[in-house]
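Breakdown of the fold
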Amino acid sequence: MFKNMIVYRIAPQWQVELTQVEEALAKAPFMECGATQEKSLGWVPPRGDAHGPLAESVGGQWILRFMVESKVLPGSVLARRVKEKAERIEQETGRKPGKKESKELKDEAKLDLLPMAFTKQGSMWVWIDTASRLLVLDTSSQGRADEVVTLLVEALPGLSVSLINTQTSPQAAMSHWLKEQEPPVGFTVDRECELKSATEEKAVVRYARHPLDIEEVQAHIDAGKLPTKLALTWDDRVSFMLTEGLQIKKVAFLDTVFEGTKADDGGFDTDVAIATGELSKLIPDLIEALGGEGESGVASAAQAVPSNAAPAGLDAAVPAPPRGKDVVGRAVTGPAQAPVDTDPESAPF
């Protein structure tokens, strides 16, 4: 649960009860694809029980689950069917199909093949922390997050969200931590990072399972390469990968989190309690490590998160570019310059 995170701030005017969320989601339940349907999406019971509630509350934390199913139709198979149809027309009429007719043949071929196509499913955990006014999506793909946020805003009247924006950009902070070997309080730098040149060549250097407190890393930064990913551990309890777009990937709970729990203590409630309990502390600590929350459409209401000056040692808190703006009645579909989905298929959703 929550292997990746994209975090939004919820505007203060949104005040609803869990029953209202349940009623809204019930209007868009997930249903499997029909015979000729390419894609289907909707909400499923997060606990996994048939006909169970679509919105669960565990310790005051609201958990939802979004499901997508799509038909897998290889391009080569579709192209072969289109070719067969075109050859049949040419044999029967003595002419080759034109551009418009070829498009129609492609649509016909797709309808022929969809009932036989395999399907694949993917789901996304959605966590609403009403106390801290956070919306957290379990995905590393900004595009997929945009899709779910848009549907939530359409379904839940008055919901307004903005991507978390920090006083210091993650990239500037990561550069400082690596160059000066001064990780923020409560965090340690792990053994994985990616550095990318800002030049036209876009040269990339990756370190995996490798110490980062070496002169070579500092030399790369001095040469103009900037961190796009950096592995960190928080409080010896949670390890993760921070990206330049403030996405949190590869979240893993360490053994210290499970001390005092029994082997048979698993289950939905336990998993939610552990995940939200740890992450609800990690998120504000990470925001504070990045200089506190910056000005954005809904940030002024973010009283749960400190907005202190930049971390000690950072050069006047290099400001982050705006990553979102307040929206009333519609979704924010990402920051002003959304992080590129370099490998969207690797996302768990």
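Residues numbered from 1 in each chain as written. Predicted model: local features only at pLDDT ≥ 70, side-chain atom pairs only at ≥ 80, totals over all residues. Heavy atoms only, no water.

Considerations on the overall build of the protein
Within the protein, the regular secondary structure consists of seven helices and 12 strands. Out of the 349 residues in the protein, the part that is buried amounts to 47%. Residue pairs in contact within the protein that sit at least 24 positions apart in sequence constitute 70% of those at least 6 positions apart. (Helix = DSSP H or I, 4+ residues; strand = E, 2+ residues; numbered from the N terminus. Buried < 20%, exposed > 50% of the residue type's maximum accessible area, 1.4 Å probe, protein only. Contact = heavy atoms within 4.5 Å.)

Comments concerning the pairing of strand β8 (residues 187–197)
Note that β8 and strand β10 (residues 225–234) share eight bridges and pair antiparallel. Bridge pairing in β10 places Thr188 opposite Thr233. Looking at chain direction, β8 and strand β9 (residues 204–208) are connected through five bridges and run antiparallel. Within β9, the position partnered with Cys193 by the bridge is Tyr207. (Pairing = 2+ DSSP bridges.)

Focus on the environment of Glu194
Position of Glu194 among the secondary structure elements: in strand β8. The class for Glu194 is buried, based on a relative accessible area of 7%. Those residues in contact with Glu194, other than ones at most four positions away along the chain, are Val204, Val205, Arg206, Leu226, Pro227, Thr228 and Lys229. Only 2.8 Å separates the side chain of Glu194 from the side chain of Arg206, close enough to count as a polar contact. Within the structure, Glu194 has its side chain in polar contact with the side chain of Thr228 (distance 2.5 Å). (Polar contact = N/O pair within 3.5 Å; in protein donor to acceptor, adjacent residues only side chain to side chain.)

Topic: the confidence of the model for the protein
Taken as a whole, the protein shows an average pLDDT of 85; of its residues, 83% reach a score of 70 or greater. In this model, residues 299–349 is a region of pLDDT below 50 whose contacts with residues beyond four sequence positions or in other chains number 126 contacts. (pLDDT = per-residue confidence, 0-100.)

Side note on the packing of aromatic side chains
Taken as a whole, this structure holds four aromatic pairs when the rule is applied. Centroid distance Phe2 to Trp127: 5.7 Å. Interplanar angle 65°. Geometry classified as edge-to-face. With Phe2 in the segment before β1 (6–10) and Trp127 in strand β5 (residues 118–129), this residue pair connects regions lying 125 residues apart in the sequence. Of the two residues, Phe2 and Trp127, both sit in the buried class. Ring centres of Phe187 and Phe240 lie 6.3 Å apart, and the angle between their planes is 80°; on these two criteria the pair is classed as edge-to-face. You can see Phe187 sitting in strand β8 and its partner Phe240 sitting in strand β11 (residues 238–243), a full 53 residues away along the chain. (Phe/Tyr/Trp six-rings, centres within 6.5 Å; stacked < 30°, edge-to-face > 60°.)

Quick notes on the packing of helix α5 (residues 170–180) against helix α6 (residues 215–222)
Helices that pack against each other are described as a pair by the angle of their axes relative to one another and the distance between those axes. It is the contact of α5 with α6, at a shortest axis distance of 8 Å, that shows an interaxial angle of 140°. Our classification of the angle between α5 and α6 gives oblique. Of the two elements, α5 crosses α6, and the hand of that crossing is left-handed. The segment α5 lies against α6, with Ser175, Leu178 and Lys179 engaging Val217, Gln218, Ile221 and Asp222. By residue class, the composition of the contact of α5 with α6 is three nonpolar, two polar and two charged. (Axes fitted to C-alpha atoms, helices over the stretch in contact; angles between N-to-C directions. Parallel < 35°, antiparallel > 145°, perpendicular 65-115°, else oblique. Left-handed = near helix turned anticlockwise from the far one by under 90°. Nonpolar A, V, L, I, M, F, W, Y, C, P; charged D, E, K, R; others polar.)

So, a negative patch on the surface
Together, Asp235, Asp236, Asp285 and Glu288 make up a negatively charged patch on the protein surface. Its place among the elements puts Asp235 in the loop between β10 and β11. (Patch = residues over 30% accessible without salt bridge, like charges linked within 9 Å, V, L, I, M, F, W, Y side chains within 5 Å. Areas by Shrake-Rupley, 256 points an atom, 1.4 Å probe, with all protein chains shown as cover. Salt bridge = Lys/Arg side-chain N within 4 Å of Asp/Glu carboxyl O. Lys, Arg positive; Asp, Glu negative; His and termini not counted. Charge placed at Lys NZ, Arg CZ, Asp CG, Glu CD.)

Concerning the pattern of salt bridges
Summed over the entire model, instances satisfying the criterion amount to 15 salt bridges. Glu84 serves as the salt-bridge partner of Arg81, at 3.6 Å between the closest nitrogen and oxygen. On the criterion of helical spacing, the pair formed by Arg81 and Glu84 is a turn pair, its members being three residues apart in helix α2 (residues 75–93). Arg95 is the partner of Glu101 in a salt bridge, and the nearest nitrogen-oxygen pair spans 2.9 Å. One salt-bridge network, in which partners are shared between bridges, spans Arg81, Glu84, Lys85, Glu108 and Asp112.

Considering the packing of α2 against helix α3 (residues 99–113)
It is at 9 Å that the axes of α2 and α3 come closest, and there the two elements cross at 125°. When the axes of α2 and α3 are compared, the pair comes out oblique. Handedness of the α2/α3 crossing: right-handed. Together, Val77, Leu78, Arg81, Val82, Lys85, Ala86 and Ile89 of α2 and Glu101, Leu105, Lys106, Glu108, Ala109, Lys110, Asp112 and Leu113 of α3 make up the contact between the two elements. For the contact of α2 with α3, the class distribution of residues is eight nonpolar, no polar and seven charged.

Some thoughts on the nonpolar core
Among the nonpolar cores identified, the biggest contains 44 residues, and Phe2, Met5, Trp177, Phe240 and Leu279 are the most heavily contacted of them. Among the elements that take part in this core, helix α7 (residues 268–289) stands out by supplying 10 residues, more than any other. Setting aside residues up to four positions removed in sequence, Phe240 forms contacts with Phe187, Leu230, Ala231, Leu232, Trp234, Ile248, Lys249, Lys250, Val251, Leu282 and Leu286. Counting 28 residues, the second-largest nonpolar core is a separate cluster that includes Leu135, Val153, Leu156 and Leu163. (Core = buried A, V, L, I, M, F, W, Y, C linked by side-chain atoms within 4.5 Å.)

Regarding the sheet that holds strand β12 (residues 248–253)
As a general point, the strands of a sheet are linked pairwise by backbone hydrogen bonds and lie either parallel or antiparallel. Strand order in the open sheet formed by five strands is β9-β8-β10-β11-β12, and the pairing between neighbours is antiparallel. At either margin of the open sheet sits one strand with a lone partner, and together these are β9 and β12. Ignoring strand direction, the axes of neighbouring strands in this sheet form an average angle of 15°. Lying on the sheet, α5 is in contact with β8, β10 and β11; it crosses β10 at an angle near 75°.

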